[in-house]
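Tertiary structure, described
The residues making up each chain are set out below.
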Amino acid sequence: MHSIYLLLKDMKPLLVVIYLATMGFLCVSAVQWHFSGHIDILPGIVFTGFIFGIYVLNRYTDTREDFANDVGKFFFFSERKYLLYAAFLILSASCLALFSVGRLNGYHLLVLAIGVAYSYKLIPYYSTIRGSWTRVRIKDIPGLKNLVVAFLWGASVFAFPLLYRNHLVLEFQVVVLFALALFFSTLNNTLFDDIRDVAGDSVANIKTLPTLFGERACIYGLSSINIIWAATILAMLAFGLFSVATGVVLFALAVYPLSYLGLHTTGGSWSRKLEVLPELDLLIFAGGIISLHLLT
């Protein structure tokens, strides 16, 4: 039993990526089931492949960040170069699968391009310090990286099934609200990761919103966004713009990040263990969509 625990602990960096990819499949499948009444496997599989490939690519370009904040993750991927080749293979296979059924389109290519530019220095940037043009990753631009990740998750769980099949019966207002809900959940998730890594990032001179503006300011900013978003949902529910069940799921997604943000502010040696809580947002999103389908 102890050996299994040690194995899982050693494999944790890869298991996290697998978890995110699996949640991507679950989210896409939940959206399809609720809005069309059936599930097509291919969009979920392709989205899963995109998530796995893009996140693994990022692990091989985040070496400085990982060494500063999670040396175990750094050594795990640096000792397993074959995972980098597996990421390229899975991304290629995902695109080939879409192309083979005539569904590879501009949005899929945009997601792939952004995913690569997130990890590799492809974005032209004028450095006032050097006085010349250089290239940076999306991840090197504080704030933009958080918004990009949040946008891709919020949009893609709907875009991938919609662009694969045209017969989804979409309620535009509800889709926009759930896309925004996932956007804000992911924004909290990715910025909270930066908040937790602020000490290591500061030492390594890695620019993030928390290293630039401070941990407390970012927590207050996120909390304010969550409270305003939750209040907006309650107001729309009061005006009868959507069902009570929809309002409950949206409200739960809006206030959930306040739980781990609040726990983090209490401090204590255990606060470092909060990393699992932000990652549950995808499970809450998919579970909420599935619950709505069962109740309607």
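Preceding this paragraph is the structure being described.
The shown structure was predicted, so the numbers you read here are calculated from the model rather than taken from an experiment.

1. Observations concerning the overall build of the protein chain
When its secondary structure is counted, the protein chain shows 14 helices and two strands. Computed over C-alpha atoms, the radius of gyration of the protein chain comes to 20 Å, within 12% of the 19 Å expected from 2.2 N^0.38 for 296 residues, which places it in the range of a compact globule. Based on the C-alpha atoms only, the size of the protein chain along its principal axes is roughly 55 × 55 × 50 Å. Going through the 296 residues of the protein chain one by one, you find that 48% of them count as buried. Nonlocal contacts in the protein chain, meaning residues at least 24 apart in sequence, comprise 70% of its contacts between residues at least 6 apart. For the protein chain, the accessible area works out to roughly 14,700 Å², and carbon and sulfur atoms hold 71% of it.

2. Thoughts on the nonpolar core
Within the largest apolar cluster, 78 residues are counted, with the highest numbers of intra-cluster contacts made by Phe 50, Val 157, Phe 158, Phe 178 and Phe 285. Top element by residues in this core is helix 9 (residues 172-196). It accounts for 13 residues. Apart from residues no more than four positions distant in its own chain, Phe 178 is found in contact with Phe 158, Thr 246, Val 249, Leu 250, Leu 253, Phe 285, Ile 289 and Leu 292.

3. A look at helix 5 (residues 71-78)
Helical geometry: 3.6 residues make up each α-helical turn, so side chains three or four residues apart lie on a common side. Of the positions making up helix 5, those classed as buried are Phe 74, Phe 76 and Phe 77. Each buried residue of helix 5 sits inside an arc of 165° when the element is viewed along its axis, so together they form one side.

4. A word on the side chain of Thr 48
Within the secondary structure layout, Thr 48 lies in helix 3 (residues 41-59). Within the local environment of Thr 48, its side chain forms a polar contact with the backbone oxygen of Ala 21, the two atoms lying 3.2 Å apart. Beyond its immediate sequence surroundings of up to four residues, Thr 48 is in contact with Ala 21 and Phe 25.

5. Some words on the pattern of salt bridges
In the structure shown here, the tally under the stated rule is nine salt bridges. Between Glu 79 and Arg 80 there is a salt bridge; the shortest N-O distance is 4.0 Å. A relative accessible area of 58% means that Glu 79 is categorised as exposed. Across the pair Arg 137 and Asp 140 runs a salt bridge whose closest N-O atoms are separated by 2.9 Å. Since its relative accessible area comes to 7%, Arg 137 is described here as buried.

6. Details of unusual backbone geometry
The residue Asn 205 is not glycine, and still its phi comes out positive at about 60°. Considering the arrangement of structural elements, one finds Asn 205 in the loop between helix 10 (198-203) and helix 11 (209-213).

7. With respect to the packing of helix 3 against helix 6 (residues 82-100)
Close contact between helix 3 and helix 6 brings their axes to 8 Å; oriented N to C, the two are set at 150°. By the angle between their directions, the pair helix 3 and helix 6 is classed as roughly antiparallel. The crossing of helix 3 and helix 6 is left-handed. From helix 3, Leu 42, Val 46, Gly 49, Phe 50, Phe 52, Gly 53, Ile 54, Val 56 and Leu 57 reach across to helix 6, where they touch Leu 83, Leu 84, Ala 87, Phe 88, Ile 90, Leu 91, Ser 94, Cys 95, Ala 97 and Leu 98. Partitioning the contact of helix 3 with helix 6 into residue classes produces 16 nonpolar, three polar and no charged.

8. Some thoughts on a nonpolar patch on the surface
Judged by side-chain polarity, Ile 39, Ile 41 and Ile 45 come together as a nonpolar surface patch covering roughly 260 Å² of accessible area. Its place among the elements puts Ile 45 in helix 3.

9. Here's the deal with the environment of Leu 163
Structurally, Leu 163 can be placed in helix 8 (residues 144-164). A sequence separation of 86 residues divides Leu 163 from Val 249, and the C-alpha atoms of the two residues are 25 Å apart. Filtering out sequence-adjacent residues up to four positions away, Leu 163 remains in contact with Arg 103, Asn 105, Tyr 107 and His 108.

10. Examining the packing of aromatic side chains
One pass over the structure, following the stated rule, counts 14 aromatic pairs. For the ring pair Phe 50 and Phe 160, a centre distance of 5.5 Å and an interplane angle of 80° mean the geometry is edge-to-face. On the criterion of sequence distance, the pair formed by Phe 50 in helix 3 and Phe 160 in helix 8 is long-range, its members being 110 residues apart. A relative accessible area of 2% means that Phe 50 is categorised as buried. Judged by its relative accessible area of 1%, Phe 160 is buried. Their ring planes at 50° and their centres at 5.1 Å tell us that Phe 184 and Trp 229 sit as a pair that is tilted. Placement of the pair is Phe 184 in helix 9 and Trp 229 in helix 12 (residues 215-238), with a sequence separation of 45 residues. Looking at Phe 184, the relative accessible area reads 18%, which means it is buried.

Rules used throughout
Residues numbered from 1 in each chain as written. Predicted model: local features only at pLDDT ≥ 70, side-chain atom pairs only at ≥ 80, totals over all residues. Heavy atoms only, no water. Helix = DSSP H or I, 4+ residues; strand = E, 2+ residues; numbered from the N terminus. Rg over C-alpha atoms; globule rule 2.2 N^0.38 Å. Buried < 20%, exposed > 50% of the residue type's maximum accessible area, 1.4 Å probe, protein only. Contact = heavy atoms within 4.5 Å. Areas by Shrake-Rupley, 256 points an atom, 1.4 Å probe, with all protein chains shown as cover. Core = buried A, V, L, I, M, F, W, Y, C linked by side-chain atoms within 4.5 Å. Arc of directions from axis to C-beta. Polar contact = N/O pair within 3.5 Å; in protein donor to acceptor, adjacent residues only side chain to side chain. Salt bridge = Lys/Arg side-chain N within 4 Å of Asp/Glu carboxyl O. Axes fitted to C-alpha atoms, helices over the stretch in contact; angles between N-to-C directions. Parallel < 35°, antiparallel > 145°, perpendicular 65-115°, else oblique. Left-handed = near helix turned anticlockwise from the far one by under 90°. Nonpolar A, V, L, I, M, F, W, Y, C, P; charged D, E, K, R; others polar. Patch = residues over 30% accessible without salt bridge, like charges linked within 9 Å, V, L, I, M, F, W, Y side chains within 5 Å. Phe/Tyr/Trp six-rings, centres within 6.5 Å; stacked < 30°, edge-to-face > 60°.

Geometry only, nothing functional implied.
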